[in-house]
Amino acid sequence: MASAATVTLGLDRARAIWLHAQRLDTPEPFGRGPAATLAAIQHLGYVQIDTIHVIERCHHHILFTRIPTYRPAHLHQAQAVDKSVFEYWTHALAYLPAADLRFFVALMRDHRREATQWGALSTAAGVRRVVERIRRNGPLTIRDIDDRVRMVKESLWASTKPSKHALQRAFFNGQLVVSERRGMVKTYELTTRHFGWTRLPSGASEREYATYMVDRALRAQGVVSLESICHLERSWKAAVLRVVARRTRRGELVPVKLEGGERADHWATPEVLETPHEPSSLVHLLSPFDPLVIQRRRLERFFGYQHLFEAYVPAAKRKLGYFALPVLVGDRIAAAIDLKTDRERGRLLVQKWTWIGKRWKGDRERIDGALHTFEHFQCGRFAEES
């Protein structure tokens, strides 16, 4: 079969395809209840985890954006009870479908072989000790370990406990899994015991992993590029390009040139290009770590908006604020709002509001409504914890 001819795609249409792939154009795309959490993670491929807590942490925020009835207890159930999701590294630490674990086994084995990357932070003997302790006594957190010898911190976020580094190394090796998470406190368990296995699954081949990356991106992005498929995973570009080229030759992918672009550097399936989408009127307060936002260059290419993440920028130099959230109104980034939660009073505080581009009639009222809904989620969350 001859490869398909290049399609030139207007940015309006490209945005509509991406928003639909991200399920941001439908009120309840994954339904309700705990099952919706797994469905969302399966569709998106991953949900990023981050420690910043000026508002609700990003993994809960990302899920709430797509599941209006989402509660953090639903993610806990998926991880600790149903064991249908697990934590591992994609371009960052993330929740992934447990069914996809086999695609990360080769990476886990690479970590075991490349022990030198840990330097003095962890020793093989230290890893053996913590793994054996968990094997004998059951799951534990770092708080259960009292290290008599402490290390000098190598960064602000580092731990002084040698056992912390041993746990992390065993986690990346695949020997341990995070069996549950309370806030940012992780409980570690043997991976095989947690899932009821005798051994880890057989790892995917290089070609299978590259295919997995392409499929994940097509599902969650609609229109993809080599950069968007391999976000922060440059070493996989050659393998991914072979998969894309093969599918393009077979007509399973169509080369796409975005409006204003010089060449066809994107691809989509014929079905995606042929499926119409109704314009969305939904309003979403997006996490800076949302899959729609995290790839900054892609966001700017499709939406004409360059997001600034300024949590680590000196206050005097910030333009949008410490933790500004892009506000999606339909298919526009209409504003960026820096928010903070007053946990004692259960209130959402607007630190700074920046309009982006032309302000449309009714924008303020619609965004205020979204802020009210988001505050309800925040306050409901804190009420559950108290």
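Residues numbered from 1 in each chain as written. Predicted model: local features only at pLDDT ≥ 70, side-chain atom pairs only at ≥ 80, totals over all residues. Heavy atoms only, no water.

As for the sheet that holds strand 4 (residues 93–97)
The sheet built from three strands is open, its strands ordered 2-4-3 with antiparallel pairing. Strand pairing shows two members of the sheet lacking a second neighbour, strand 2 (47–48) and strand 3 (85–89), which therefore form its edges. (Pairing = 2+ DSSP bridges. Helix = DSSP H or I, 4+ residues; strand = E, 2+ residues; numbered from the N terminus.)

Quick look at helix 1 (residues 11–21)
Of all the residues in helix 1, the buried ones are Leu11, Ala14, Arg15, Ile17, Trp18, Leu19 and Ala21. Just past helix 1, the residue arginine 23 takes up positive phi, approximately 60°. (Buried < 20%, exposed > 50% of the residue type's maximum accessible area, 1.4 Å probe, protein only.)

Some points on the sheet that holds strand 9 (residues 266–268)
One open sheet accounts for four strands, arranged 1-8-9-7; its pairing is mixed. Sheet topology places strand 1 (7–9) and strand 7 (224–225) at the edges, where each strand pairs with a single neighbour. As paired strands, strand 8 (residues 254–258) and strand 9 are joined by three bridges and run antiparallel to one another. Across the sheet, residue valine 254 finds its bridge partner in strand 9, namely alanine 268.

Overview of the confidence of the model for the protein
With 91% of its residues at a pLDDT of 70 or more, the protein shows a mean pLDDT of 91. Segment residues 149–159 is flagged for pLDDT under 50; beyond a separation of four residues in sequence, or across chains, it makes 17 contacts in the model. For residues 381–386, every residue scores under 50 in pLDDT, and the model assigns this stretch seven contacts once sequence neighbours within four places are set aside. (pLDDT = per-residue confidence, 0-100. Contact = heavy atoms within 4.5 Å.)

A look at the environment of leucine 176
Tracing the chain through its elements places leucine 176 in strand 5 (residues 176–182). Sequence spacing of leucine 176 and glutamate 189 is 13 residues, and the spatial spacing of their C-alpha atoms is 5.4 Å. With residues near it in sequence (within four places) discarded, leucine 176 still touches Val131, Ile134, Leu167, Ala170, Phe171, Tyr188, Glu189, Leu190 and Thr191.

A look at the packing of aromatic side chains
Going through the model one piece at a time under the given rule, you end up with 23 aromatic pairs. Relative to tryptophan 236, the ring of tyrosine 209 has its centre 4.6 Å away and its plane inclined at 55°; by these criteria the two rings are tilted. Of the two residues, tyrosine 209 is situated in helix 9 (residues 206–221) and tryptophan 236 in the loop between helix 10 (226–229) and helix 11 (237–249); the sequence distance between them amounts to 27 residues. Given the relative accessible area of 21%, tryptophan 236 is considered partly exposed. Through a chain of ring-to-ring contacts, three or more aromatic side chains come together here, namely Phe86, Tyr88, Trp89, Phe103, Phe104, Phe171, Phe172, Tyr209, Tyr212 and Trp236. (Phe/Tyr/Trp six-rings, centres within 6.5 Å; stacked < 30°, edge-to-face > 60°.)

Side note on the side chain of glutamate 87
Mapped onto the secondary structure, glutamate 87 falls in strand 3. According to the relative accessible area criterion, glutamate 87 is buried, its value standing at 1%. Side chain to side chain, glutamate 87 and glutamine 79 meet in a polar contact 2.9 Å long. In terms of polar contacts, glutamate 87 uses its side chain to reach the side chain of arginine 181, at 2.6 Å. In contact with glutamate 87, other than residues within four places in its own chain, are Ile49, Gln79, Leu93, Ala94, Tyr95, Phe171, Val178, Arg181 and Lys186. (Polar contact = N/O pair within 3.5 Å; in protein donor to acceptor, adjacent residues only side chain to side chain.)

Considerations on the packing of helix 2 (residues 34–44) against helix 3 (residues 58–66)
Their axes nearest at 10 Å, the elements helix 2 and helix 3 cross at an angle of 100°. When the axis of helix 2 is compared with that of helix 3, the two are roughly perpendicular. Note on element contacts: helix 3 touches helix 2 through Ile62, Leu63 and Arg66, opposite Thr37, Ala40, Ile41 and Leu44. (Axes fitted to C-alpha atoms, helices over the stretch in contact; angles between N-to-C directions. Parallel < 35°, antiparallel > 145°, perpendicular 65-115°, else oblique.)

Digging into the pairing of strand 4
Summarising burial for strand 4: five of the five residues are buried, a large majority. Neither face of strand 4 is exposed, since Leu93, Tyr95 and Pro97 on one face and Ala94 and Leu96 on the opposite face are all buried. Alignment of strand 2 against strand 4, held across two bridges, turns out to be antiparallel. Bridging across to strand 4, glutamine 48 finds its partner in alanine 94. As paired elements, strand 3 and strand 4 share five bridges and run antiparallel to each other. Opposite tryptophan 89, over in strand 4, you have leucine 93 as the bridge partner. Counting the residues between successive antiparallel strands, the hairpin from strand 3 to strand 4 contains three residues.

Some thoughts on the nonpolar core
Counting 89 residues, the largest nonpolar core has Phe104, Leu167, Ile229, Val240, Ile367 and Phe374 as the members making the most contacts within it. Take this core: its biggest share by element is seven residues, from helix 9. Sequence-distant contacts of valine 240, defined by excluding residues within four places in its chain, comprise Ala210, Met213, Val214, Leu226, Ile229 and Cys230. In terms of nonpolar packing, the next biggest core, distinct from the first, is built from 25 residues, Ile17, Trp18, Leu19 and Leu258 among them. (Core = buried A, V, L, I, M, F, W, Y, C linked by side-chain atoms within 4.5 Å.)

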